[in-house]
Amino acid sequence: METKTIVIDELATLSCYLVADSPELMRGKPRPAMIINPGGGYFSCSDREAEPVALFFANLGYHAFVLRYAAYNDNGLELPDLSKPLPPKDDRIFPKQVQELGKAMLEIRDHAHDWHVDTTRIGVCGFSAGGHNAVVYATSYQEGFIAGALNVPAEALRPAVAILGYPLTDYYMVQANLATNTNPMDAAFMKASNVALFGTETPDEDALTAASPTRHVRKTTPPMFLWCTAADPLLGSRQVLALADALAKQQVPYEAHIFEEGPHGLSLATQATAEARSQINPTVGQWTTLCATWLAKRFSLPLPELSAFEKMQQQS
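Residues numbered from 1 in each chain as written. Predicted model: local features only at pLDDT ≥ 70, side-chain atom pairs only at ≥ 80, totals over all residues. Heavy atoms only, no water.

Draft legend 1. Representation of the side chain of N133 within the structure. With respect to the secondary-structure elements, N133 resides in helix α4 (residues 129-140). Judged by relative accessible area, N133 falls into the buried class, the value being 1%. A polar contact of 3.3 Å, which involves the side chain of N133, links it to the backbone oxygen of Q97. In contact with N133, not counting residues within four places along its chain, are N37, Y42, Y69, Q97, V98 and L101. (Helix = DSSP H or I, 4+ residues; strand = E, 2+ residues; numbered from the N terminus. Buried < 20%, exposed > 50% of the residue type's maximum accessible area, 1.4 Å probe, protein only. Polar contact = N/O pair within 3.5 Å; in protein donor to acceptor, adjacent residues only side chain to side chain. Contact = heavy atoms within 4.5 Å.)

Draft legend 2. Inspection of the pattern of salt bridges at higher detail. Summed over the entire model, instances satisfying the criterion amount to 13 salt bridges. Overlapping salt bridges bring together D9, E10, K96, E100 and K103 as one network. (Salt bridge = Lys/Arg side-chain N within 4 Å of Asp/Glu carboxyl O.)

Draft legend 3. Representation of the pairing of strand β4 (residues 63-68) within the structure. Of all six residues in β4, five are buried, a share of seventy percent or more. One ladder, built from five bridges, connects strand β2 (residues 12-18) with β4; its direction is antiparallel. Following the sheet pairing, Y17 is matched in β4 by A64. The pairing of strand β3 (residues 31-37) with β4 spans four bridges and is classified as parallel. Residue I35 lies in a different strand from β4, and its bridge partner there is F65. A crossover connection joins β3 to the parallel β4 through helix α1 (residues 51-59); in handedness this β-α-β unit is right-handed. (Pairing = 2+ DSSP bridges. Right-handed = clockwise from strand over helix to strand, strands pointing away.)

Here's what the structure looks like:
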């Protein structure tokens, strides 16, 4: 495997995990690829949802890319002091993050020949806030604030699939929950996250609508794989159910899994992504197997029926 990091802009980088070409394996044929958006409430990009997830996709035979998009914090994972108003940072508010995802897509396409990437099968993946970034992109890549801002045809930006773990999909639902949330810490976190993404605790209608992908699903939206836990106290399953309903109404292929137990932010739900035992959950960890099976129908590698050795045996 070859690894490298590319600067996307002044606030974003793309870490590349390129499966090495081999005369014993693909023999120069292009592989599918996945662009991963870690979560972090738009305050940071979590390492737990970055390299370990890239290695999971690489283990399936796909190239993997981790986009560390513009986040509120310059370094580290520390949450801001939620007891105080969060000052906005105007250079990193929506839609900068989805535009950076578009730039990452274009970067991969530009290097497709050298990296052996199948440009017809580049997917986006994301978790929590990163899942929000991925699904906004997947439902709105053709809009003026993405394709128009990047000055490229929409088809150059279209992802083949979207893989979303415990994503935020509807900001109107978030705002409604804020009005009734009885947990002061959760409410403070979501208000601060609004400032990190929108520059204000109370985004206007235009911002809420643009950042609510459930309202932008159309028949051309790419197929999606969704998962979350019903016990998630931060976003909960209604966000996934709302997106699934929107996909169903437009007859977009999708698969959704809601596991009964488990907190927010489990990533792979194995020790590979755990900072504590509470983040290991074998039941939830089954999402990777389910996802691999779902992807195999769309991202299967172009392999012959028989290996060279098997053909030799037949001819002898």
